[in-house]
Structures are given as structure tokens and as C-alpha cells.
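Each chain, written out:
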Amino acid sequence: MTRKYFGTDGIRGRANGVITPDLALRVGQATGLAFRRGEHRHRVVIGKDTRLSGYMIENALVAGFTSVGMDVLLLGPMPTPAVAMLTRSMRSDLGVMISASHNAYEDNGIKLFGPDGYKLSDEVESEITRLIDSDLGKQLSASPALGRAKRIESADARYIEFAKRTLPRNLSLEGLRIVVDCANGAAYKVAPEALWELGAEVIAIGVEPDGFNINRDVGSTKPDALSQKVRELRADVGIALDGDADRVLIVDENGQVVDGDQLMGVIARSWQEDGLLSAPGIVATVMSNLGLERYLAGLGLSLARTAVGDRYVLEHMRANGFNLGGEQSGHIILSDYATTGDGLVAALQLLAVVKRKEKPVSEVCHCFEPLPQILKNVRYKQGRPLEEKPVVSAIKAAEQMLGESGRLVIRPSGTEPVIRVMAEGDDRDLVMRAVDEVVDAVAKAAA
């Protein structure tokens, strides 16, 4: 299967470098053609985050879709999970999110959803790739069949109401002081409003997007500002979303960051107690901490591991009947409610547990003691450093060093030219040494 355009999460790259108007136009045309089913008027919903380049890419996509006869519904700034949800609820044939998620503003991307709200399969992405590289001029619509485009003003309210309905009807967040960090991104309107409507006292940061400041020193990848604000205001909890709000991290009342592994542990135990787990376990990736696996085992629950990427987690969930899964980075998939990671909905599930137990977030969220885990990145320009003999030897030696009490995970990033080297185990010094030796070997091969 070709990976000429698509990575692990749609098409992503430097705006006006990789993600050009011409590419966006062709993606719109190719995807529109791939999803043309029958003679009905086809339509696509398009959402975006707050990057400056979103205007350029949005207009190019509109031109592409309308040129093959698709009507376009423009949502404006909207979380990725909201686009997935609205694709289904508005009976659209396609959903598109223009975002590079947690990346800096210079990057952008195109995420695609089918009519069921799920991300596309590898096979469909291959067909779209083939169409992008084909002669699309011969497949454009005749003048009377061109599509129309219009903006949907009610999208915010639709998503807010959906998020609120994932909680029990009688549950109120009254009495909770919440700081929410929207990363100057897609959720800057909807997340604070939803929390306020549920009764919380809300202090919002990262809600002044200017096209350039998305994820800059705010959001789930930079939670220091949120930690400081939680301590300063003596808040009960902090919620950090990323640029497109499909991932979340929590900050407890002491300013300590709670990652996705702990969140999955909290929700898994709560759902187990309430009889809501559809299978006796959850799904996570190879990056999730061994401490989570041991904690779940103590509850009689399994941890299935997949490759990194929420699409792979979701594929395993759907194939094996799980309704809870996610990533350490904060992609939490609650498939009873959503078809992709939803940072706001995951945060609401945690807040429901906090309200029910009437305990501080630090107590609720400290499910297990994480094992020492070291992750380092090595950037490379070209080639395949992992196939070099010295690197292969270093990896084998590191695995032997860690033995059965640890894990070594090495993978190329699906979104940037970086190799990620992660190890964990009971002995922190041993873990550090294993990572450093592999990183040194990769760095030399990549030089």
C-alpha cells in the first residue's frame, strides 16, 4: 500500500510547502469522486482549527469538492471529534478536518472521515492516492451539476449539546472550579461553554487564537501554563486540550499532570464498577506504561496493545468488541459516544468520577505508580537508519539489557521525520542506558 500522501493521521506537512492549495484541490476532487455513491446530492462537512493556513486550504478543498458535484457545509473552527460526529448526524457522505493537531502553526493537515464518522481505511486511502495522481480533469462535473457551499451557524451548539449528553442527566459540575486550556485551537469556544453550561466555575486560557499561536506554550503538549494557573487560582482541576481537541491531559489540584494512561485507568475502573465495559479490558498502544497493564491486571482486565496511532487503537476496538481505548498522549476513545478521540468528552467522564467519589483529582487520578519510562527522539533527513547494522546491533543489546522486566519500543513517527526510542522498566538507570545507547547508534546512522 502506498503512503505517498497519507501518514498515520491523514495528510500532514508544512502549509504551502507540502500542503499546498493544489494538493488540497486534488484531495477534494479525488475524495469526492471516491465517495460518490448513487445519484443523490452528495455533501461533505468541513471543519478546521485556528491556523492561518486554514483559510487557504479550506477554500481549495471547497473548490475541489464542488468541482466534482459535492455540496459543502462549512463548520468553521471545530474540534476533530465534532466533525466526526456532525458527519454522521448531518447525513453527510464525508467529513474533513483541516488540522495538524498538536503541531506548530506552520504545519497543517487534512483528516478525512467516512459517512459513519470513522477515519478511512488503508484501502480507501490507497484509492484516493491513486485518484490524486490520475487525470482528474476528465472526471469533473458538468456545469449544471456543480456543488454549492454554505456555512452552518449551529455547529457549536450541536456539539456542546452532544458532549453534555454523554453524562447522566442529573449530574452537575456545580462546585468545581475548572481551568480549561484550549491551546488557542479548535475548541476555544465550545469547551468553556460546555463546562459552564454543566454548572462549573470556568476559567479559560488558550482562547485567543490569532492564526499563529495554536499550541504555542499552551495546550496538552505544553501544560506548564495550565499547572501554574491551577495552583494560582486554587482550582480543583485543569483540562488541557490540543489544537484540534481530540486529545486531553488533566492537571490535578496540586498542578501535577495526569497523562492518558492514568485517565484510561480511572475510566476503566469506573466503567467496570458500573457494568459499562463491553469487554473485560481496554486497548492502548505500545507506548502505554507497563504500570497501567499491571494495574488493569489487578482489576481482572486485559490491556491489548496496538501500533501507535488512534486509528489502530480504534480498529482493534471495533474488531474485538472493546468500547474503551486510547493513547498515553491523551487520545481517549469512548466508542459508546464517539468514533475518534474526544478530549472534552473524556474529561467529562473523569469529572463525573470526581463528583461521584467526592475526592480530590489527585486521589482519583493516581491509579498506579508509573514505571520509569524514557522517550527520546532522533531527527533524520533521509534514508532508513533503523536498517543500518550498528543500529540493529544496538537494539538487540538494549533488549537483552532490559530483559523480561522491561520493554523497548522503537518506531518512526508517522507525522514527521523522527525516530522515537522508548524504554521502560523497574530500574531507571538501566532504562536510561538502554535508550542512550540506541539513540547514539541511530544518531550516527542518521548523520
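For the structure itself, consult the block above.
Now for a look at the structure at hand. (Residues numbered from 1 in each chain as written. Predicted model: local features only at pLDDT ≥ 70, side-chain atom pairs only at ≥ 80, totals over all residues. Heavy atoms only, no water.)

1. Side note on the overall build of the protein
Logical step 1: Of regular secondary structure, the protein possesses 14 helices and 19 strands.
Logical step 2: A globule of 447 residues ought to have a C-alpha radius of gyration of about 22 Å, and the protein, at 22 Å, matches this closely.
Logical step 3: Projected onto its principal axes, the C-alpha coordinates of the protein cover approximately 70 × 60 × 40 Å.
Logical step 4: Counting across all 447 residues of the protein, residues that qualify as buried make up 57%.
Logical step 5: Within the protein, contacts between residues separated by at least 24 positions form 71% of all contacts whose residues are at least 6 apart in sequence.
Logical step 6: When the accessible surface of the protein is summed, it comes to about 18,800 Å², and 48% of that surface belongs to carbon and sulfur atoms.
Logical step 7: Each charge sign in the protein was given a centre, from 53 positive and 60 negative side chains, and these centres are 4 Å apart. (Helix = DSSP H or I, 4+ residues; strand = E, 2+ residues; numbered from the N terminus. Rg over C-alpha atoms; globule rule 2.2 N^0.38 Å. Buried < 20%, exposed > 50% of the residue type's maximum accessible area, 1.4 Å probe, protein only. Contact = heavy atoms within 4.5 Å. Areas by Shrake-Rupley, 256 points an atom, 1.4 Å probe, with all protein chains shown as cover. Lys, Arg positive; Asp, Glu negative; His and termini not counted. Charge placed at Lys NZ, Arg CZ, Asp CG, Glu CD.)

2. Some remarks on the state of the cysteines
Logical step 1: Per the stated rule, a full pass over the model turns up zero disulfides.
Logical step 2: Cysteine Cys182 remains unbridged, with the sulfur of Cys365 as its closest cysteine sulfur at 19 Å. (Disulfide = S-S within 2.5 Å.)

3. Quick look at the pattern of salt bridges
Logical step 1: Summed over all chains, the structure comprises 30 salt bridges.
Logical step 2: We note a salt bridge from Arg51 to Asp49, for which the minimum N-O separation is 2.7 Å.
Logical step 3: Note on Asp49: relative accessible area 2%, which makes it buried.
Logical step 4: Between Asp244 and Lys111 there is a salt bridge whose closest N-O contact spans 2.6 Å. One end of the pair, Asp244, is in the loop between strand E10 (237-241) and strand E11 (248-251); the other, Lys111, is in strand E6 (residues 107-113), and 133 residues separate them in sequence.
Logical step 5: A relative accessible area of 0% means that Asp244 is categorised as buried. (Salt bridge = Lys/Arg side-chain N within 4 Å of Asp/Glu carboxyl O.)

4. Some details on the sheet that holds E11
Logical step 1: Spatial strand order, E9-E8-E10-E11-E12: five strands in an open sheet with mixed pairing. Because the sheet does not close on itself, it has two edges, and the strands there are strand E9 (201-205) and strand E12 (257-258).
Logical step 2: Here E11 runs beside E12; their pairing, made up of two bridges, is antiparallel. Note that in E12 the partner of Val251 across the bridge is Val257.
Logical step 3: Each of strand E8 (177-181), E9, E10, E11 and E12 touches helix H7 (residues 224-233); the most contacted strand, E8, lies at about 160° to it. (Pairing = 2+ DSSP bridges. Axes fitted to C-alpha atoms, helices over the stretch in contact; angles between N-to-C directions.)

5. Observations regarding the sheet that holds strand E19 (residues 418-425)
Either a parallel or an antiparallel arrangement is found when strands of a sheet pair, and the pairing is made through backbone hydrogen bonds.
Logical step 1: The strand order E17-E19-E18 describes an open sheet built from three strands, whose pairing is antiparallel. Strand pairing shows two members of the sheet lacking a second neighbour, strand E17 (373-379) and strand E18 (406-412), which therefore form its edges. Across the sheet, the axes of successive neighbouring strands diverge by a mean angle of 10°, strand direction being ignored.
Logical step 2: Bridge count for E17 against E19 is seven bridges, and the pairing is antiparallel. Looking at the pairing, Leu375 lines up with Met422 of E19.
Logical step 3: Helix-sheet contacts for helix H13 (residues 389-402) involve E18 and E19, and the interaxial angle to E18 is about 155°.

6. Brief notes about a nonpolar patch on the surface
Logical step 1: Taken together, the side chains of Leu52, Tyr55 and Phe212 define a hydrophobic patch exposed on the protein surface, amounting to about 310 Å² of accessible area.
Logical step 2: Within the secondary structure, Phe212 sits in the loop between E9 and H7.
Logical step 3: Taking relative accessible area as the criterion, Phe212 reaches 34% and is therefore assigned partly exposed. (Patch = residues over 30% accessible without salt bridge, like charges linked within 9 Å, V, L, I, M, F, W, Y side chains within 5 Å.)

7. Focus: the pairing of strand E14 (residues 302-306)
Logical step 1: Two elements, strand E13 (residues 281-285) and E14, share five bridges in a ladder whose sense is parallel. Pairing of Val283 across the sheet is with Ala304, part of E14.
Logical step 2: Handedness of the crossover is the feature at issue here: the chain leaves E13, passes through helix H9 (residues 290-298), returns alongside E14, and the resulting connection is right-handed. (Right-handed = clockwise from strand over helix to strand, strands pointing away.)

8. As for the pairing of strand E2 (residues 10-14)
Consecutive side chains of a regular strand alternate in pointing toward one face of the sheet and then the other.
Logical step 1: Among the five residues of E2, four are classified as buried, and the element is accordingly described as predominantly covered.
Logical step 2: Taken together, strand E1 (residues 6-7) and the strand that follows it, E2, pair antiparallel across an intervening segment of two residues.
Logical step 3: Judged from the four bridges that link them, E2 and E6 form a sheet pairing that is antiparallel. Looking at E6, one finds that Arg12 is bridged to Gly109.

9. Re the packing of helix H3 (residues 80-89) against helix H5 (residues 155-164)
Logical step 1: Viewed as axis vectors pointing N to C, H3 and H5 meet at an angle of 100°, and their least axial separation amounts to 10 Å. With respect to H5, the axis of H3 lies roughly perpendicular. Listed contacts from H5 to Pro81, Ala82, Met85, Leu86 and Ser89 of H3 are Ala155, Arg158, Tyr159 and Phe162.
Logical step 2: When its residues are assigned to classes, the contact of H3 with H5 shows seven nonpolar, one polar and one charged. (Parallel < 35°, antiparallel > 145°, perpendicular 65-115°, else oblique. Nonpolar A, V, L, I, M, F, W, Y, C, P; charged D, E, K, R; others polar.)

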